[in-house]
Amino acid sequence: MYLPQLAFAALGLIWGTNFLFMKWASASLSPAQIVFLRVLCGFLPLLLSALAKGALRWRDLRHAHHFVVMSLLATVIYYYAFAKGTGLLASGAAGMLSGAIPLVSAVCAWLLLRDERPTPRMGIGLVCGFAGVLLIAQPWRVSGDGVSLAGVGSMLLGCLSVGCSFVYARRYLSGTGMSPLALSTWQIGIALVIVAALTDFRGMGRIAEDPRALAGIVLGLGICGTGIAYLLYYYIVGRLGALTAAGVTYIPPVVALSMGTWIAGETLRPFDIVAAACILGGVYLLQAQIPVKRRQLAEANRR
């Protein structure tokens, strides 16, 4: 009876732990190597599930050019930027910055989709959310707190990449009739080929010297954080709806901040708590407006 709710909590927990696992792996691997192992281990459960359900069709390849774009935006660039940013930041700070994904996605939608227009409430949410990003980065401080502006920039690049992918998928793939599982399998599979072609594998064996990091990248980032996470997400969408599923974005920043403090021993600054509240508050203001806009659109269509 409570399986969708349990899946919702599990997905938030899985995504929230990803940043600590990336931080551990960054001590032994380059960002590209982290992405390769993550995508490889994540692709296997997706492929097995897609084959078991007969979700893949050769005719899907007529959309191959869209799969390539989605692979770059929603996997290769996104994962690389997050791996790079997490290596330069505390894992808790990186996790909080990931909460900006809905904010950046809203900006992309406003700029690129004609039917997406901001309201005053959404504008306030956007300002609130990005105020939280500034509190984490603190660009006005020249030195002393260990915050890497390059790391913050990498995290925001990852948010921008995945935000653009949502807009691209809505414009070019939403009407194909393909199942989410099929789309994800093609996307991750093509991403694996791209990352394999671009990765320098020299020195990757160093990860075997750190069992904690190896387990984190294979089980945490790969099998759970990519493969199982995709399956959980689309299960939640099917059972609870897309709007409810989007609410899972509230959980990872809190989990990442908690794990960074309690497990990794990272310093929790007062600004971090305020920043997390600003980002989550901004996401709430943006998402709370979605049902209103949908009702207005439905009423307009009935006229």
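Higher on the page you've got the structure.
Below: a short report on this structure. Residue numbers restart at each chain and count upward from 1, following the sequence in its written direction. Only residues with pLDDT of at least 70 get local features here, since the model is predicted, and only at 80 or more are side-chain atom pairs given and counted; chain-wide, interface and lining totals rely on the full set of residues. With hydrogens and water set aside, each side-chain value is computed from the structure's full complement of heavy atoms.

## A few points about the side chain of Thr 226
By the criteria applied, helices consist of DSSP H or I runs no shorter than four residues and strands consist of E runs no shorter than two, each listed in order from the N terminus. The residue Thr 226 is located in helix H9 (residues 211–240) in this model. Beyond its immediate chain neighbours, meaning those up to four positions away, Thr 226 contacts Arg 38, Gly 42, Tyr 79, Ile 188 and Leu 221. The contact criterion used is simple: two residues touch if any of their non-hydrogen atoms lie within 4.5 Å.

## Focus: a nonpolar patch on the surface
On the surface, Val 68, Leu 72, Ile 77, Leu 157 and Leu 160 cluster together to form a nonpolar patch covering roughly 360 Å² of accessible area. Going through the elements one at a time, helix H3 (64–88) and helix H7 (149–172) are the ones with two or more residues in the nonpolar patch. Element by element, the count of residues in the nonpolar patch is highest for H3, at 3 residues. Summarising the element assignment, Leu 157 is placed in helix H7. Throughout this description, buried means an accessible area under 20% of the type-specific maximum (1.4 Å probe, protein chains only), exposed means over 50%, and partly exposed covers the range between. Take Leu 157: its relative accessible area is 43%, and that puts it in the partly exposed class. Each patch is built from residues that are more than 30% exposed by relative accessible area and take part in no salt bridge. Like charges join if they lie within 9 Å; nonpolar side chains (Val, Leu, Ile, Met, Phe, Trp, Tyr) join within 5 Å. The method behind every accessible area is Shrake-Rupley, applied with a 1.4 Å probe, and residues are considered shielded solely by the protein chains displayed. A carboxyl oxygen of Asp or Glu within 4 Å of a side-chain nitrogen of Lys or Arg is what we treat as a salt bridge.

## Digging into the side chain of Thr 176
As for its position among the elements, Thr 176 is in the loop between H7 and helix H8 (180–198). At 2.9 Å, the side chain of Thr 176 and the backbone oxygen of Leu 173 are in polar contact. Within the structure, the side chain of Thr 176 is placed 3.4 Å from the backbone nitrogen of Met 178, a separation counted as a polar contact. Distance and chemistry together define a polar contact, namely a pair of N or O atoms within 3.5 Å, with one atom able to donate a hydrogen and the other to accept it when in protein, and with adjacent residues in sequence counting only for side-chain atoms on both sides.

## Regarding the state of the cysteines
Pairs of cysteine sulfur atoms within 2.5 Å are identified as disulfides in what follows. Enumeration according to the criterion identifies 0 disulfides in this entry. Left unpaired, Cys 128 is separated from the closest cysteine sulfur, that of Cys 278, by 4.6 Å. A residue is classified by how much of its surface remains accessible, and Cys 128, at 25% relative accessible area, is partly exposed.

## Some words on the pattern of salt bridges
Under the defined criterion, the tally for this structure stands at 1 salt bridge. Between Asp 200 and Arg 202 there is a salt bridge, with its nearest N and O atoms 2.7 Å apart. A relative accessible area of 37% places Asp 200 in the partly exposed class. For Arg 202, a relative accessible area of 69% puts it in the exposed group.

## Re the environment of Ala 264
Relative to the helices and strands, Ala 264 is located in the loop between helix H11 (251–262) and helix H12 (270–288). For the pair Ala 264 and Trp 24, spaced 240 residues apart in sequence, the C-alpha separation works out to 9.4 Å. Look past the residues within four positions of Ala 264 in its chain and what remains in contact with it is Leu 20 and Met 259.

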